[in-house]
Amino acid sequence: MQPETKTEEFIIPIGPQHPALKEPGHFEFGVDGETITSASVRLGYVHRGIEKGAEGRNWAQNLYLVERVCGICSHTHATVYALTVEKLAGIEAPPRAQAIRELVLELERVHSHLLWLGVVGHEGGFDTLFMYSWRDREIVMDLLEALTGNRVNYSTNVLGGVKHDVSPAQADAIRKGIDTLEERTHHYLNVVMVDSSFIGRTKGVGYMTKEQANALGAVGPTARASGVARDLRINAPYAAYPQYPVEMITDTGGDVFARTVVRVKELFECYRVIRQILDTLPAGDLTVKFPRKVKEGEALVRVEAPRGELMYYIKSAGGENPERVKIRTPTLANWGTVLTTVVGHKLADVPMILGGIDPCFSCNDRMITVQPATGAERHWTWEQLRRYGIAQYAGDR
Amino acid sequence: MSNESALETANALLAPFAQGTARPDPLRLDAMLAADQLLPAVKALMDNKWGYLVAISGVDLGLATGQLEVLYHFGGADNGITTSLRVRIPRDNASVPSVCGLVPSASLYERELSEMLGITVVDTPNPTHLFLPDGWPDGLYPLRKDAAVPVATTLNS
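In this report, the structure presented in the accompanying data block is examined. (Residues numbered from 1 in each chain as written. Chains lettered and ligands numbered in written order. Predicted model: local features only at pLDDT ≥ 70, side-chain atom pairs only at ≥ 80, totals over all residues. Heavy atoms only, no water.)

**Structural notes on the interface of chain A and chain B**
Taken together, the 46 residues of chain A in the interface contact 54 residues of chain B. Where chain A packs against chain B, one counts six salt bridges. A salt bridge links Lys145 of chain B to Glu323 of chain A; the shortest N-O distance between them is 3.9 Å. Remark: the boundary between chain A and chain B carries 20 residue pairs in polar contact (both at pLDDT 80 or more). Among the elements of the structure, strand E3 (35-42), helix H1 (50-55), helix H8 (210-215), strand E6 (297-305), strand E7 (308-316), strand E8 (322-328) and helix H12 (330-341) of chain A are those that each provide at least two residues to the side of chain A that touches chain B. In the side of chain A that touches chain B, the residues fall into 16 nonpolar, 11 polar and 19 charged. (Contact = heavy atoms within 4.5 Å. Salt bridge = Lys/Arg side-chain N within 4 Å of Asp/Glu carboxyl O. Polar contact = N/O pair within 3.5 Å; in protein donor to acceptor, adjacent residues only side chain to side chain. Helix = DSSP H or I, 4+ residues; strand = E, 2+ residues; numbered from the N terminus. Nonpolar A, V, L, I, M, F, W, Y, C, P; charged D, E, K, R; others polar.)

**Here's the deal with the sheet that holds E3 of chain A**
Residue and element names in this part refer to chain A. Strands sit in the order E1-E2-E3 across an open sheet of three strands; the sheet is antiparallel. In the strand order of this sheet, the two ends are held by strand E1 (10-14) and E3, each with one partner. Direction aside, the axes of adjacent strands within the sheet are offset by 25° on average. Where E1 and strand E2 (residues 26-32) come together, five bridges link them in antiparallel fashion. When the sheet's bridge partners are listed, Ile11 is paired in E2 with Gly30. (Pairing = 2+ DSSP bridges. Axes fitted to C-alpha atoms, helices over the stretch in contact; angles between N-to-C directions.)

**Looking at the layout of surface pockets**
In this structure, the largest pocket occupies an estimated 560 Å³ of space. Counting only elements with at least two residues in the lining of the largest pocket, the list comes to helix H3 (74-89), helix H4 (95-123) and E6 of chain A. Classifying every residue of the lining of the largest pocket gives 13 nonpolar, five polar and six charged. What the second largest pocket holds in volume is close to 450 Å³. Lining the second largest pocket are 19 residues; nearest its centre among them are Asn214, Ala215 and Arg230 of chain A together with Lys49 and Gly51 of chain B. A total of four residues in the lining of the second largest pocket trace back to one element, the largest contributor, which is H8 of chain A. For the lining of the second largest pocket, the residue count by class is eight nonpolar, five polar and six charged. (1 Å grid on protein atoms, 1.4 Å probe; cavity = no way out; pocket = protein on both sides within 12 Å on 5 of 7 lines; lining within 4 Å. Points joined across faces, edges and corners; volume = space filled by probe spheres on them.)

**Re the packing of H3 of chain A against H4 of chain A**
Residues and elements named next belong to chain A. Axis separation between H3 and H4 bottoms out at 9 Å; the angle between their running directions is 150°. One finds that H3 runs roughly antiparallel with respect to H4. Taken as a pair, H3 and H4 cross one another with a handedness that is left-handed. Here Ser74, His75, Thr76, Thr79, Ala82, Leu83 and Glu86 of H3 lie close against H4, whose contacting residues are Gln98, Arg101, Val104, Leu105 and Glu108. For the contact of H3 with H4, the per-class residue count stands at four nonpolar, five polar and three charged. (Parallel < 35°, antiparallel > 145°, perpendicular 65-115°, else oblique. Left-handed = near helix turned anticlockwise from the far one by under 90°.)

Laid out in C-alpha cells, this is it:
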C-alpha cells in the first residue's frame, strides 16, 4: 500500500537584494526538491519615474535624464534619445558626429561585455576570470575617461551632434588599448572554450531553442545565441553604422555557454570597427544648430544596446517639453526567457541563468517616487529624504 | 525579407482589419484599429510569422480628447521595419483585450501598461503590479496627464 503523499508547491523567494548581479529584483521560484517548477518576477525597486519626469523637462535637459536610465550603457540611451529627437525635428547630425557616436557606442559595448564576462565568471565560481577580465576592462574605462572626461555618464551627445572630438593622440591611445584588449580577448575565448569547470556550469544551462527565443521575445546576444539573426545595427543601421557596418554574430547552442561565446566574439567585431572608424574618421563639424522647440509629431527609433534591442518612442506637441517618452529596455524583453528556461533546472543554476541575459535592473526600472511605509506623508522633498538617510544611517550604528 | 517587401506584407495582412494605415517614416507602418479588431490583426501578423512584439506604448491623449492610445509595436523578424497597431480607447473605463494568448511575452508589457495608465487588460494572465510598490493607492495612474505624482518636485526641490 502506497503511503499517502501531499503535494504542495514550496516557494523560495530570492531577492530583492542581489539575486544575481548587485542590483535588486524579486523572484519567487516554486521548487520540488532542488528542481524549479515555476518562476515569477517583481520589479521596480530602482524605479525612478524617468518617463514621467521627462514630460516635465525640456528637450535638452532630458538628454541628461535619459543618460541616467542605465549606468552601463548610458551612451546608448543618450544616442537613441538624440537620434529620435533629431528625427522629430528633421535634423541630422554631421557625419563626423555620427562616427564619434558609433565609436563611443562600441567602446561602451567593449566595457559592458567585459563586465559581463567577469560577472558570469564570478557567478560560476570562477573568480580568476572575474578578476582578470575586470582588470583588463580598466583599459577601456581609461580610454573612455580620456575621451570624454567620465567613466560612467560620458555625456558625449548633444542634440544635433557630439561635444567631444577625437584628437590624433587620443586615436593612437585607443588603438594601443584596443590591441592589448584584442590579445586578451583571444585568451578569454580560449579559456571559456576549454575550461572544464566553466563549461560544466554553462553547457546546457538555460537552454532555449530558436522557436522559444522568437516566441518569448528575446533580444540581443540572448536571442543571437539561440540562432536568431537579429541585430538592429545590421537590420536597421543608425548613426554611422551604414558607413561602418558590423558583422552579425550568432550561435546555435542556445545555452549560457553560447551566450558567452556570442558576447566574446562580438568583442572582436567591436575592435575591428573601432579601428576602422579611427582610420577613416570623416572631417567636418561636430554639431548643427538645434531649435529650442521641436515641431509636433512622433518618432520611434530602435537600436542595439549591449544587452539587446532598445526602443524609444517620443511624441511632441510642438513645445519645449516632450509630450510622452516611452522607453523599452532590453532586460525587460529578456525576463520572459529567464522565467521560462529556468523551469526544470536546479536552484543552483539560477544565478547563471539570470546572469546569462546580462540583466540590468536600473534599465527596466524607471518610473516612481519613494514611499515610506510609515506615516501619511507620501511625497518627500529632497531635504526630507536627506534627513531620513542620515537618521537611518545613525540608527544602524 | 527586404524592408520594402516586409512593409508590403504587413500592409496586406493588416488592411482587412484597419480603419486606415500610414507610413510615418521609411521604416515604419502604422495601422489604426478599433479595439475589437486588435486580436484578429495580431493573429494575422503572428500566424504569418511576420515578426515579434517589441513593446506596448500607452499614451494619454489628454483630458480634452477624453482618449488614451495604446500602440503595439511589432518588429520585423529579420528586417528593420516597425509596425505599430494603434488603438484609441476612452479614458473612462479604459480597456483593451490581452494579446497574451497570441504573444506570451506580452505579459510584462501588459502589467506595465495597466498600472501606469489605468487600462484594464481583459484576460491578462497576471494582473498584479510589476513596477509600482505594494500599497500603491488604487486609482492613481502615474502616466496619466492629470495624475498628481510629484516626481519632478521631489527631484528639484
